[in-house]
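Chains, contacts and geometry: an overview
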Amino acid sequence: MAKLKSSDDIQMMRAAGRLAAETLRHIGQFVKPGVSTEEINTIVHNYIVERGAYPSPLNYKGFPKSVCTSINDVICHGIPHPEVKLNEGDIINIDVTVTLNGYFGDTSRTFYVGNSIPADRQLVTETAEESLARALAVCEHGVRIGDIGHAIQNYAESKGCSVVRDFVGHGIGKVFHEEPAITHYGRPGTGMKLVRGMCFTIEPMINGGDWRSKMLKDGWTAVTPDGKPSAQFEHTIALVGEGIEILTALPDDPIALRARALGAKVVWPQLV
Ligand code: MF3
Ligand code: CO
Ligand code: CO
């Protein structure tokens, strides 16, 4: 079912993951009031292409842009547009995927726009970030998909937030989205056993209200049904040895550091 990666494959995934991470770090400095999502798209596109890679979203199943930009009540797959500008107090998820030498790296984070973020937007953002760290902390050879989902759901619901079900994490390699589907909710001890050599993403989307999603007429933009905010963080990982490599974490990545503090056995790919 799920494709196992060789150590040569994982070596290639390290390079793709690192480029995705560097792209996401690079775009951070441009996230401020007045900047359009189209400008973010152009900067991301050029950064990736200049490094010999391809921005995977572009033309993927007809997606028209090089990156996804999802603001406030947009859950995921927001389409960059010249007339959509960032405002003080917004939250925006920027989801970067690159294809480098045939391998994919996929990572996203939610950024604050400016310094005065409303409490409900802060809550979903902090909850999404911590829930990803907690999910990473349970990942090791033999973990079940339901264990990962439970770690996320249990934490998110304890904060009064809800977990999106209509979009999931996914196996990744020479294919953008492959088996298995990584659900961000679930019960401990249930679902497929994940084993050494698997690469997949974990990308919880956390809503401030209703867990459901509504699709806009463009066929891509998913929004919350009640207008409440939604936030997301994503990493691509490999199960290796007794623990994990977070392929899209740079050495100072706060989520990777937090996962390690929670007990994850994290190997930094940059140090391998
Ligand atoms: N990067 C998204 C994910 O995490 C997928 C985006 S598909 C696109 O799986 F077509 F919208 F770009
Ligand atoms: Co993904
Ligand atoms: Co992504």
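Parameters at a glance
- Residues numbered from 1 in each chain as written.
- Chains lettered and ligands numbered in written order.
- Predicted model: local features only at pLDDT ≥ 70, side-chain atom pairs only at ≥ 80, totals over all residues.
- Heavy atoms only, no water.
- Donors = N, O, S within 2.8 Å, 3.2 Å for Na, K, Ca; no water.
- Tetrahedral: all angles 85-135°; square planar, octahedral: opposite > 155°, others 65-115°.
- Helix = DSSP H or I, 4+ residues; strand = E, 2+ residues; numbered from the N terminus.
- Near = heavy atom within 4 Å.
- Polar contact = N/O pair within 3.5 Å; in protein donor to acceptor, adjacent residues only side chain to side chain.
- Areas by Shrake-Rupley, 256 points an atom, 1.4 Å probe, with all protein chains shown as cover.
- 1 Å grid on protein atoms, 1.4 Å probe; cavity = no way out; pocket = protein on both sides within 12 Å on 5 of 7 lines; lining within 4 Å.
- Sits in = over half its atoms within 2 Å of the grid points.
- Pairing = 2+ DSSP bridges.

**Description of the coordination of the cobalt ion (ligand 3)**
For the cobalt ion (ligand 3), every protein donor is listed as Asp-95 (OD), Asp-95 (OD), Asp-106 (OD) and Glu-234 (OE), and the spread of their distances is 2.1 to 2.4 Å. In this structure, the cobalt ion (ligand 3) is coordinated by 6 donor atoms arranged in irregular fashion, with angles at the metal of 58 to 168 degrees. For the cobalt ion (ligand 3), the single-chain donor residues occur in sequence as D-x10-D-x127-E. The cobalt ion (ligand 2) is placed at 3.3 Å from the cobalt ion (ligand 3), the two being bridged by Asp-106. Note that Asp-95 is positioned in strand S4 (residues 91–100) and Asp-106 in strand S5 (residues 103–112), a separation of 11 residues in sequence.

**What about the site of ligand 1?**
Neighbouring ligand 1 are 14 residues, the closest being Pro-57, His-170, His-177, Glu-203 and Glu-234. Within the contact set of ligand 1, an oxygen atom lies 2.7 Å away from a side-chain nitrogen or oxygen of His-177. In this structure, Glu-203 approaches ligand 1 through a side-chain N or O atom, which is 2.8 Å from an oxygen atom. Calculation on ligand 1 without its partners gives an accessible area of 340 Å², and the protein chains cover 97% of this total. Judged by its atoms lying within 2 Å of the grid points, ligand 1 is housed in the largest pocket.

**Details of the sheet that holds strand S12 (residues 222–223)**
The 3 strands lie next to each other as S3-S12-S11, forming an open sheet whose pairing is antiparallel. One side of each edge strand has no neighbouring strand; the edge strands of this open sheet are strand S3 (74–76) and strand S11 (214–215).

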